[in-house]
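Spelled out, the chains give:
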Amino acid sequence: NAGVTQTPKFRILKIGQSMTLQCAQDMNHNYMYWYRQDPGMGLKLIYYSVGAGITDKGEVPNGYNVSRSTTEDFPLRLELAAPSQTSVYFCASSLREGTYEQYFGPGTRLTVT
Amino acid sequence: QQPVQSPQAVILREGEDAVINCSSSKALYSVHWYRQKHGEAPVFLMILLKGGEQKGHEKISASFNEKKQQSSLYLTASQLSYSGTYFCGTPIKVEGGSNYKLTFGKGTLLTVNP
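Counting restarts for each chain: residues are numbered from 1 in the order of the written sequence. Labels follow written order: the first chain is A, the first ligand is 1, and so on. With the structure being a predicted model, the display of local features is reserved for residues of pLDDT at least 70 and the display and counting of side-chain atom pairs for 80 or more, all residues being used for whole-chain, interface and lining totals. To get the side-chain values, all heavy atoms of the structure are used, and hydrogens and water are removed first.

S.K.: I'm lost on the pairing of strand β11 (residues 108-112) of chain A in this one. Help?
M.R.: It is a general feature of regular strands that their side chains alternate between the two faces of the sheet. Residue and element names in this part refer to chain A. Partly exposed residues are those whose accessible area sits between 20% and 50% of the maximum for their type, while under 20% is buried and over 50% is exposed, using a 1.4 Å probe and protein chains only. For the purposes of this entry, the term helix denotes a DSSP run of H or I that reaches at least four residues, the term strand denotes a run of E that reaches at least two, and both are numbered from the N terminus. Alternating residues of β11 divide into Thr-108, Leu-110 and Val-112, all buried, and Arg-109 and Thr-111, none buried. Here strand β9 (residues 87-94) runs beside β11; their pairing, made up of three bridges, is antiparallel. Counted as the bridge partner of Val-88 is Arg-109 from β11. By the convention used here, strands pair only if DSSP detects at least 2 bridges between them.

S.K.: It is not clear to me how the nonpolar core should be interpreted in this structure. Could you clarify?
M.R.: Burial of nonpolar side chains together is a common tendency in soluble globular proteins. The biggest cluster of nonpolar side chains holds 21 residues, and the ones touching the most others in it are Trp33(B), Met46(B), Leu73(B), Leu75(B), Tyr86(B) and Leu110(B). Contributing elements (two or more residues each) for this core: β2 (9-13), β3 (18-23), β4 (31-36), β5 (43-48), β7 (60-65), β8 (70-75), β9 (84-93) and β11 (108-113) of chain B. The nonpolar core is taken to be a set of buried Ala, Val, Leu, Ile, Met, Phe, Trp, Tyr and Cys residues, with the residues joined through side-chain atoms within 4.5 Å. With 19 residues, the next largest nonpolar core counts Val4(A), Met19(A), Met32(A) and Val66(A) among its residues.

S.K.: How should the pattern of salt bridges be read in this particular structure?
M.R.: Charged atoms that come close allow side chains of opposite charge to pair. Residue and element names in this part refer to chain A. A carboxyl oxygen of Asp or Glu within 4 Å of a side-chain nitrogen of Lys or Arg is what we treat as a salt bridge. Applying the stated criterion across every chain, the model contains three salt bridges over all chains. Residue Asp-38 is joined to Arg-36 by a salt bridge in which the shortest nitrogen-to-oxygen separation is 3.1 Å. Overall, the relative accessible area of 10% leaves Arg-36 in the buried class. Across the pair Arg-77 and Glu-79 runs a salt bridge whose closest N-O atoms are separated by 3.1 Å. Judged by relative accessible area, which is 31%, Arg-77 ranks as partly exposed.

S.K.: Could you clarify how one ought to interpret the interface of chain B and chain A in this entry?
M.R.: As a measure of interface size, the accessible area lost when the parts come together is often cited. The interface is formed by 23 residues belonging to chain B together with 23 residues belonging to chain A. A simple way to read buried area is as the amount of 1.4 Å-probe accessible surface that goes missing from two parts once joined, with both sides added. When the two sides are added together, the surface that chain B and chain A hide from each other amounts to roughly 1800 Å², 58% of it contributed by carbon and sulfur. Looking at the side of chain B that touches chain A, the elements with two or more residues in it are β4, β5, β9 and β10 (100-104) of chain B. The class makeup of the residues in the side of chain B that touches chain A is 13 nonpolar, seven polar and three charged. Here, residues are in contact when the closest pair of their heavy atoms is within 4.5 Å. Residue type decides the class: Asp, Glu, Lys and Arg count as charged, Ala, Val, Leu, Ile, Met, Phe, Trp, Tyr, Cys and Pro as nonpolar, and the leftover types, Gly among them, as polar.

S.K.: Any chance you could explain the pairing of β9(A) here in plain terms?
M.R.: All names here are of chain A. For β9, the buried fraction is high: eight of the eight residues fall into the buried class. Taking every second residue as pointing to the same face, both faces of β9 are buried, with Ser-87, Tyr-89, Cys-91 and Ser-93 on one and Val-88, Phe-90, Ala-92 and Ser-94 on the other. Where strand β4 (residues 31-37) and β9 come together, seven bridges link them in antiparallel fashion. Bridge pairing in β9 links Arg-36 to Tyr-89. The pairing of β9 with strand β10 (residues 103-104) spans two bridges and is antiparallel.

S.K.: What is the right way to read the sheet that holds strand β3 (residues 19-25) of chain A from this model?
M.R.: Within a beta sheet, neighbouring strands are joined by backbone hydrogen bonds and run either parallel or antiparallel to one another. All names here are of chain A. Ordered in space as β1-β3-β8-β7, the four strands form an open sheet in which the pairing is antiparallel. The sheet is open, and its two borders are formed by β1 (4-7) and β7 (64-66), each paired with just one other strand. Within this sheet the neighbouring strands show an average axis-to-axis angle of 20 degrees, counted without direction. Inspection of the sheet shows β3 paired to strand β8 (residues 76-78) by three bridges, in the antiparallel sense. Along β8, the bridge assignment pairs Met-19 with Leu-78. Here, axes are lines fitted to C-alpha atoms. For helices the fit covers the stretch in contact, and angles between N-to-C directions go from 0 to 180 degrees.

S.K.: How should the state of the cysteines be read in this particular structure?
M.R.: Throughout this description, disulfide means a covalent bond between two cysteine sulfur atoms. All names here are of chain A. Disulfide: a pair of cysteine sulfur atoms within 2.5 Å of each other. The final tally for this structure, using the stated rule, is two disulfides over all chains. In this model Cys-23 forms its disulfide with Cys-91; the gap between the sulfur atoms is 1.8 Å. Handedness here is read from the sign of the S-S torsion; for Cys-23 and Cys-91, about -70 degrees, the answer is left-handed. Highlighted residues: Cys-23 in strand β3 and Cys-91 in strand β9, separated in sequence by 68 residues. Classification of Cys-23 by relative accessible area gives buried; the value is 3%.

Below, the structure is given as structure tokens:
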């Protein structure tokens, strides 16, 4: 099993550009998550999904969009990138919620200039 | 709603012990612990599900005091490989829904020196 994979690993965007961060998992997990991590701030939940076709906002959803057309994939879309979106983005998945461990992807380091 | 971790940072010499605390203002029914090494993704350590539960992973153990709404992570005889940032996570119920989302503390940076 590859676990949770993310692409790209690094990306530099200009202000106003758009991009999609890809995330895939091969563990047949229903639950998937997108977090951003800023220095000293821990992990903040952007969006999550409880299954294909079902997504919901997390703590910091503004400026992002997601879709979940399959169990495996959970892409994160950034529209009109802003410097405040400079961060490290982690995708994670879990079998169920709450009391189940989350498996994290390797992360995408995004810089918006 | 974010759990509070203390201390923010701790520096140890190899072989020394450390305790990292995690507390919440909300009722807890489980606590997750993760470790993140520099430049890497967080990795799961353990989940504590019941008040009074204790668990161990190598020489790392944790306890969960449900009544006090807190958990502690104990690192015994620390090794260089223990260096990293430790996060606790607590499930918070989504408003208006039946799902729970994991809310993480800001982390505790642990540095183990030779």
